[in-house]
Amino acid sequence: MKKWFRMAVVCSSILLAAATARAADKPWSFEKIGVDFSYGRDSWLPDSLQGDHSDNIVKRISLRAESDSLVAHLLNDSWNQWTLGGELHYSAHKANEQPDHDQDTGFHETGCNLVLKRNLFDRMLYVGVLAGLSYVSSFPKFENRDWSREHRYSDIGRSHCLYTVGALVGKDWQLFKSAWSLRTEGRFAHTADPFWSSYDGKNFASYVVGLTYSR
């Protein structure tokens, strides 16, 4: 836990420096930084998108930096309603076997996502897409039964790597006319191993709550 806390402090400092340090001749910057917590389940999706034998849950904490000016700088001013951002996240996955939850398992991942958003209705809300890669440090630890090594591999793939793609919609609620805002967001994401085709991956519907500081 101390290791992850130190990492979070270092990453927060880097993001804060990137967001606040802007050279006079630099045409873009990171205008927003934030921290988010998300909670997702596949049981909130249609049956065809759920796991076959378990209720899959993911909890995630993310550090975030966003730029409202980078896309317009790279393309042209007509893209001034687009926001490009990056997320560094630490996630905990849990699979509760149905119906009696007596063969549960879980694993953790650390990774980053790239997020592209389109602001709508004078920034009243936004829609967007995300894509990212993450590293799984250890394969799942199965509870209450001696699962074979091969079975564990087949559950999440063999590469220790996962990719995530998805869509999102959300809104930033300004707090008391300050530089701070409350972020509420809904996401749909698919996670799978890019190097092991026998692992079909998992789908999640997630709710996100976070705080954002805007320069």
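About the criteria used
- Residues numbered from 1 in each chain as written.
- Predicted model: local features only at pLDDT ≥ 70, side-chain atom pairs only at ≥ 80, totals over all residues.
- Heavy atoms only, no water.
- Helix = DSSP H or I, 4+ residues; strand = E, 2+ residues; numbered from the N terminus.
- Buried < 20%, exposed > 50% of the residue type's maximum accessible area, 1.4 Å probe, protein only.
- Contact = heavy atoms within 4.5 Å.
- Core = buried A, V, L, I, M, F, W, Y, C linked by side-chain atoms within 4.5 Å.
- Phe/Tyr/Trp six-rings, centres within 6.5 Å; stacked < 30°, edge-to-face > 60°.
- Lys NZ or Arg CZ within 6 Å of the ring centre and 35° of its normal.
- Pairing = 2+ DSSP bridges.
- Axes fitted to C-alpha atoms, helices over the stretch in contact; angles between N-to-C directions.
- Salt bridge = Lys/Arg side-chain N within 4 Å of Asp/Glu carboxyl O.
- Polar contact = N/O pair within 3.5 Å; in protein donor to acceptor, adjacent residues only side chain to side chain.
- Patch = residues over 30% accessible without salt bridge, like charges linked within 9 Å, V, L, I, M, F, W, Y side chains within 5 Å.
- Areas by Shrake-Rupley, 256 points an atom, 1.4 Å probe, with all protein chains shown as cover.

**Student:** Could you give me a rundown of the overall build of the protein chain, with the residues and numbers involved?
**Tutor:** Of regular secondary structure, the protein chain possesses 3 helices and 8 strands. In the protein chain, the succession of helices and strands from N to C terminus is α-β-β-α-β-β-β-α-β-β-β. When each of the 215 residues of the protein chain is scored for burial, the buried share is 41%. Long-range pairs, those at least 24 residues apart, make up 64% of the contacts in the protein chain between residues at least 6 apart in sequence.

**Student:** Quick rundown of the nonpolar core? Include the residues and the values.
**Tutor:** In terms of nonpolar packing, the biggest core is built from 5 residues, these being Phe107, Val136, Leu162, Ala192 and Tyr199. Ala192 has contacts with Cys161, Leu162, Tyr163, Tyr199, Asp200 and Gly201, leaving out every residue within four places of it along the chain.

**Student:** Explain the packing of aromatic side chains to me, using residue names and the numbers behind them.
**Tutor:** Summed over all chains, the structure comprises 4 aromatic pairs. Considering the side-chain rings of Tyr39 and Trp44, the 5.8 Å spacing of their centres and the 55° angle between planes classify their relative orientation as tilted. Residue class for Tyr39 comes out partly exposed when judged on its relative accessible area of 25%. In this structure, Lys117 packs its charged tip against the face of Tyr126, placed 3.9 Å from the ring centre. A cation sits over an aromatic face here: Lys171 above Trp173, 4.8 Å from the ring centre.

**Student:** Give a detailed account of the sheet that holds strand E4 (residues 105–120), specifying residues and quantitative values.
**Tutor:** Ordered by their spatial adjacency, 8 strands build a closed barrel running E1-E2-E3-E4-E5-E6-E7-E8, and the pairing between neighbours is antiparallel. Averaged over all pairs of adjacent strands, the angle between their axes in this sheet comes to 25°, without regard to strand direction. Pairing of strand E3 (residues 82–97) with E4, which is carried by 14 bridges, proceeds in the antiparallel orientation. What sits directly across from Ala92, in E4, is His108.

**Student:** Any chance you could break down the pattern of salt bridges for me, citing the residues and the numbers?
**Tutor:** This structure, assessed with the given rule, holds 11 salt bridges. In this structure, the salt-bridge partner of Glu109 is Arg60, at a minimum N-O distance of 3.1 Å. Pair noted here: Glu109 is in strand E4 and Arg60 is in strand E2 (residues 54–67), with a separation of 49 residues, a long-range link. In this pair, the class of Glu109 matches that of Arg60, namely buried.

**Student:** Break down the side chain of Asp36 for me, citing the residues and quoting the values.
**Tutor:** Considering the arrangement of structural elements, one finds Asp36 in strand E1 (residues 32–41). Among the polar contacts made by the side chain of Asp36, one reaches the side chain of Arg64 at a distance of 2.7 Å. When near neighbours in sequence (up to four residues on either side) are disregarded, Asp36 contacts Arg60, Ile61, Ser62, Arg64, Arg183, Val208, Val209, Gly210 and Leu211.

**Student:** Which residues make up the environment of Phe204, and what are the values?
**Tutor:** You can see Phe204 is positioned in strand E8 (residues 202–214). The spatial distance from the C-alpha of Phe204 to the C-alpha of Asn56 is 8.0 Å, given a sequence separation of 148 residues.

**Student:** So, a nonpolar patch on the surface: which residues are in play, and what are the values?
**Tutor:** A cluster of nonpolar side chains, Val35, Phe37, Ile61, Trp173, Trp180, Leu182, Val209, Leu211 and Tyr213, forms an exposed patch at the surface whose accessible area comes to about 810 Å². Looking at the nonpolar patch, the elements that each hand over two or more residues are E1, strand E7 (180–192) and E8. Here the nonpolar patch gets 3 residues from one element, more than from any other, and that element is E8. Here Val35 lies in strand E1. Residue Val35 is classed as partly exposed on the basis of its relative accessible area, which comes to 35%.

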